[in-house]
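# Inside the fold
Okay, here's what each chain looks like letter by letter:
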Amino acid sequence: TLRLGDTAPDFQQESSEGIIHFYDFLGDSWGILFSHPADYTPVCTTELGYTAKLKNEFTKRNVKAIALSVDDVESHKGWINDINETQNTTVNFPIIADKDRKVSELYGFIHPNASETLTVRSLVIIDPNKKVRLIITYPASTGRNFNEVLRVVDSLQLTDKHKVATPANWQQGEDVVIVPSLKDEEEIKQRFPKGYTAVKPYLRLTPQPEQ
Ligand code: BEZ
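Presented here is a report on the structure given in the accompanying data block. Since the model is a prediction, treat every value here as computed from it, not as a measurement.

What follows is about the pairing of strand β11 (residues 203-206). Here β11 shows a buried face lined by Arg204 and Thr206 and an unburied face lined by Leu203 and Leu205. Direction of pairing for strand β9 (residues 176-178) relative to β11: antiparallel, over a ladder of two bridges. Along β11, the bridge assignment pairs valine 176 with threonine 206. In this sheet, β11 lies alongside strand β10 (residues 197-200) in antiparallel orientation, the contact comprising three bridges.

Here it is in structure tokens:
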């Protein structure tokens, strides 16, 4: 099973944009690899259309998206036309054609008690060091919230840079919390010149540091 902190497995597989060498595709970007149950299905059509529309948001954050299902390349290509037409966008990322389930099995995208044959809606965020930083799995009947995925990327990128964590429902620009392991007042002053509010000794809020 893939777990947080693991190295994301590398692979080569066919896609709607030719053979993907996963690590080469990622380069030094962050990656969002996400599976969907099948082409030509309604929820998946909306998910991939919405993801295409987020292209600028991904680019701003140095993120590359890549989708996957166990359908073949021809199916993906035909369906992409439908997504473009119905979602008023242009699919601008590859869809892996995982006919032999090689990638699905590497990443645990098939949950046999949900479906023997189809991938569930899983999504993995991978950082530039190829470490797995988020894993979510949704059922086939529930489309994912890609704004939430962007919010997690923002949190990860912020907390990688500063000794902070982000509270419940945090959004860009809102206060963050100072990690409990940071105790040194001199370092706190230096890192957070705007100061902080200690609601409890372990709950210290500070304005979001500059990115
Ligand atoms: C869908 O994408 O709409 C879908 C796929 C599989 C099962 C149910 C819904």
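Attention now goes to a negative patch on the surface. Negative charge collects at one region of the surface, where Glu14, Asp72, Glu74 and Asp100 lie side by side. Looking at where aspartate 72 falls in the secondary structure, it is placed in the loop between β4 (63-69) and α4 (73-87).

Before going further, it helps to spend a moment on the nonpolar core. If you look at the biggest cluster of nonpolar residues, it comprises 26 residues, and the most contacted ones within it are Ile32, Phe34, Leu48, Phe93, Leu123 and Ile125. Secondary-structure elements contributing two or more residues to this core are β3 (30-35), α2 (42-53), β4, α4, β6 (121-126) and α6 (146-161). For this core, the element with the highest residue contribution is α6, accounting for six residues. Filtering out sequence-adjacent residues up to four positions away, leucine 48 remains in contact with Phe34, His36, Ala67, Trp79, Ile83, Phe93 and Ile95. With 17 residues, the next largest nonpolar core counts Leu2, Leu33, Ile96 and Val103 among its residues.

What follows concerns the pairing of β6. Along β6, six of the six residues are buried, which leaves the element largely enclosed by surrounding structure. Burial along β6 is two-sided: the residues Arg121, Leu123 and Ile125 and Ser122, Val124 and Ile126 are all buried. Two elements, β6 and strand β7 (residues 132-138), share six bridges in a ladder whose sense is antiparallel. Pairing of isoleucine 126 across the sheet is with valine 132, part of β7. In this structure, the hairpin formed by β6 and β7 is closed by a connection of five residues, where lysine 130 is found at a positive phi of approximately 70 degrees.

What follows is about the sheet that holds β4. Read from one edge of the open sheet, five strands run β5-β4-β3-β6-β7, paired in mixed fashion. Of all the strands in the sheet, the pair left with one neighbour each is β5 (95-97) and β7. On average, each strand axis in the sheet is tilted by 20 degrees relative to the strand beside it, whichever way the strands run. Relative to β4, β3 runs parallel, the two being bridged by six bridges. By the bridge assignment, isoleucine 32 is partnered in β4 with alanine 65. Where α4 meets the sheet, its contacts fall on β4 and β5, and the angle it forms with β5 comes to roughly 150 degrees.

Further remarks concern the site of the ligand. In the vicinity of the ligand, the contacting residues are Pro37, Thr41, Pro42, Val43, Cys44, Arg121 and Ala140. Contact between the ligand and valine 43: an oxygen atom at 2.6 Å from a main-chain N or O atom of the residue. Interatomic distance of 3.0 Å between a side-chain N/O atom of arginine 121 and an oxygen atom of the ligand. The protein chains hide 73% of the 260 Å² of surface that the ligand would expose on its own.

Applying the stated criterion to the full structure yields 13 salt bridges. Between glutamate 47 and arginine 121 there is a salt bridge, with its nearest N and O atoms 3.0 Å apart. One end of the pair, glutamate 47, is in helix α2; the other, arginine 121, is in strand β6, with 74 residues separating them in the sequence. Taking relative accessible area as the criterion, arginine 121 reaches 2% and is therefore assigned buried. For the salt bridge of arginine 191 with glutamate 187, the shortest nitrogen-to-oxygen distance reads 2.6 Å. Of this pair, arginine 191 and glutamate 187 both sit in helix α7 (residues 185-191), separated by four residues, roughly a single helical turn. For arginine 191, a relative accessible area of 33% puts it in the partly exposed group. One salt-bridge network, in which partners are shared between bridges, spans Glu57, Lys60, Arg61 and Asp154.

What counts, and at which threshold
- Residues numbered from 1 in each chain as written.
- Predicted model: local features only at pLDDT ≥ 70, side-chain atom pairs only at ≥ 80, totals over all residues.
- Heavy atoms only, no water.
- Buried < 20%, exposed > 50% of the residue type's maximum accessible area, 1.4 Å probe, protein only.
- Helix = DSSP H or I, 4+ residues; strand = E, 2+ residues; numbered from the N terminus.
- Pairing = 2+ DSSP bridges.
- Patch = residues over 30% accessible without salt bridge, like charges linked within 9 Å, V, L, I, M, F, W, Y side chains within 5 Å.
- Areas by Shrake-Rupley, 256 points an atom, 1.4 Å probe, with all protein chains shown as cover.
- Salt bridge = Lys/Arg side-chain N within 4 Å of Asp/Glu carboxyl O.
- Lys, Arg positive; Asp, Glu negative; His and termini not counted.
- Charge placed at Lys NZ, Arg CZ, Asp CG, Glu CD.
- Core = buried A, V, L, I, M, F, W, Y, C linked by side-chain atoms within 4.5 Å.
- Contact = heavy atoms within 4.5 Å.
- Axes fitted to C-alpha atoms, helices over the stretch in contact; angles between N-to-C directions.
- Near = heavy atom within 4 Å.
- Polar contact = N/O pair within 3.5 Å; in protein donor to acceptor, adjacent residues only side chain to side chain.

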